[in-house]
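Descriptive analysis of the structure
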Amino acid sequence: MTERAAIEVRLVDVWDVDMIADLYRAGGWWNEEWNPAGLRALIAGSFAFAVAVDPAAERAVGMGRVISDGVSDAYIQDLIVLPGYRGRGIGTMILSALLGHCRSAGVTWVALVAEPGTEPFYTALGFRRLEGHTPMRWYPEER
């Protein structure tokens, strides 16, 4: 059995929030002032939430989620694989599960904001730059 075959990707509505917080930490996306219990609502409120599980280690080694109304369009959020598990196709497995869920719901307009340097990963899977569009974020504290 290959290492990739040992990893299972599951679409879930609930998961151990401490494991998910560890994944956010690995991505550099966690603020230690946050309460991991808040992740329960994040998982449950996602259109799809995928967890890559290493059964041998009994832990989540990757995750990704989709936010969407389930009708018109969707956005991939928070795709992360633990550094020691990268390069094994796990990110592709997670993204494929999420895109499959979108496609099965009839949602085919799917976008994401890629971190610098990750473009080759996403373009190999069919994503392209949205020419003429600029990603933006709201900063209410600056108003």
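This text goes with the structure placed above it.
The sections below set out a description of the structure shown in this document. (Residues numbered from 1 in each chain as written. Predicted model: local features only at pLDDT ≥ 70, side-chain atom pairs only at ≥ 80, totals over all residues. Heavy atoms only, no water.)

**Notes on the overall build of the protein**
Broken down by element type, the protein carries five helices and five strands. Secondary structure elements of the protein, listed N to C terminal, follow the sequence α-β-α-α-β-β-β-α-β-α. Computed over the C-alpha atoms, the radius of gyration of the protein is 15 Å, within 12% of the 15 Å expected from 2.2 N^0.38 for a compact globule of 143 residues. Taking as baseline every contact in the protein between residues at least 6 positions apart, the subset at least 24 positions apart corresponds to 56%. For the protein, the accessible area works out to roughly 9000 Å², and carbon and sulfur atoms hold 52% of it. Computing the positive centroid from 13 side-chain charges and the negative centroid from 18, the protein places the two 4 Å apart. (Helix = DSSP H or I, 4+ residues; strand = E, 2+ residues; numbered from the N terminus. Rg over C-alpha atoms; globule rule 2.2 N^0.38 Å. Contact = heavy atoms within 4.5 Å. Areas by Shrake-Rupley, 256 points an atom, 1.4 Å probe, with all protein chains shown as cover. Lys, Arg positive; Asp, Glu negative; His and termini not counted. Charge placed at Lys NZ, Arg CZ, Asp CG, Glu CD.)

**Observations regarding the sheet that holds strand S5 (residues 109-111)**
Strand order in the open sheet formed by five strands is S1-S2-S3-S4-S5, and the pairing between neighbours is mixed. Looking at which strands have only one partner, the edges of the open sheet turn out to be strand S1 (8-11) and S5. On average, adjacent strands in this sheet sit at an angle of 25° to one another, irrespective of strand direction. Pairing of strand S3 (residues 59-68) with strand S4 (residues 73-81) involves six bridges; the strand directions are antiparallel. (Pairing = 2+ DSSP bridges. Axes fitted to C-alpha atoms, helices over the stretch in contact; angles between N-to-C directions.)

**Some remarks on the packing of aromatic side chains**
The tally for this structure, following the rule as stated, stands at six aromatic pairs. Measuring from ring centre to ring centre gives 6.2 Å for Tyr 24 and Trp 29, while their planes differ by 65°; the resulting arrangement is edge-to-face. The exposure class assigned to Trp 29 is partly exposed, which follows from its relative accessible area of 26%. Between Tyr 75 and Trp 109 the ring centres are 5.7 Å apart and the planes differ by 70°, which places this aromatic pair in the edge-to-face class. Of this pair, Tyr 75 sits in strand S4 while Trp 109 sits in strand S5; the two residues are 34 residues apart in sequence, bridging distant segments of the chain. Ring pairs connect the aromatic residues Tyr 24, Trp 29, Trp 30 and Trp 34, which therefore count as one cluster. (Phe/Tyr/Trp six-rings, centres within 6.5 Å; stacked < 30°, edge-to-face > 60°. Buried < 20%, exposed > 50% of the residue type's maximum accessible area, 1.4 Å probe, protein only.)

**Notes on a nonpolar patch on the surface**
The grouping of Ile 67, Tyr 75, Trp 109 and Leu 130 at the surface amounts to a nonpolar patch, some 360 Å² of accessible area in total. Mapped onto the elements, Leu 130 comes out in the segment after helix H5 (119-123). Residue class for Leu 130 comes out partly exposed when judged on its relative accessible area of 47%. (Patch = residues over 30% accessible without salt bridge, like charges linked within 9 Å, V, L, I, M, F, W, Y side chains within 5 Å. Salt bridge = Lys/Arg side-chain N within 4 Å of Asp/Glu carboxyl O.)

**As for helix H2 (residues 17-26)**
Those residues of H2 not exposed but buried are Val 17, Ile 20, Ala 21, Leu 23 and Tyr 24. Down the axis, H2 shows its buried residues gathered within 155° of arc, on one side only. On its buried side, H2 packs onto helix H3 (39-45), strand S2 (48-54), S3 and S4. For H2, the capping residue at the N-terminal end is Asp 16, with a side-chain oxygen 2.9 Å from the backbone nitrogen of Asp 18. (Arc of directions from axis to C-beta. Polar contact = N/O pair within 3.5 Å; in protein donor to acceptor, adjacent residues only side chain to side chain.)

**Here's the deal with the pairing of S3**
Within S3, seven of the 10 residues are buried, which leaves it mostly tucked inside the rest of the structure. Here seven bridges tie S2 to S3, and the two strands are oriented antiparallel to one another. Paired with Phe 49 across the strands is Arg 65, a residue of S3. Hairpin connection of S2 to S3: four residues between the antiparallel strands, including Glu 58 at a positive phi of 55°.

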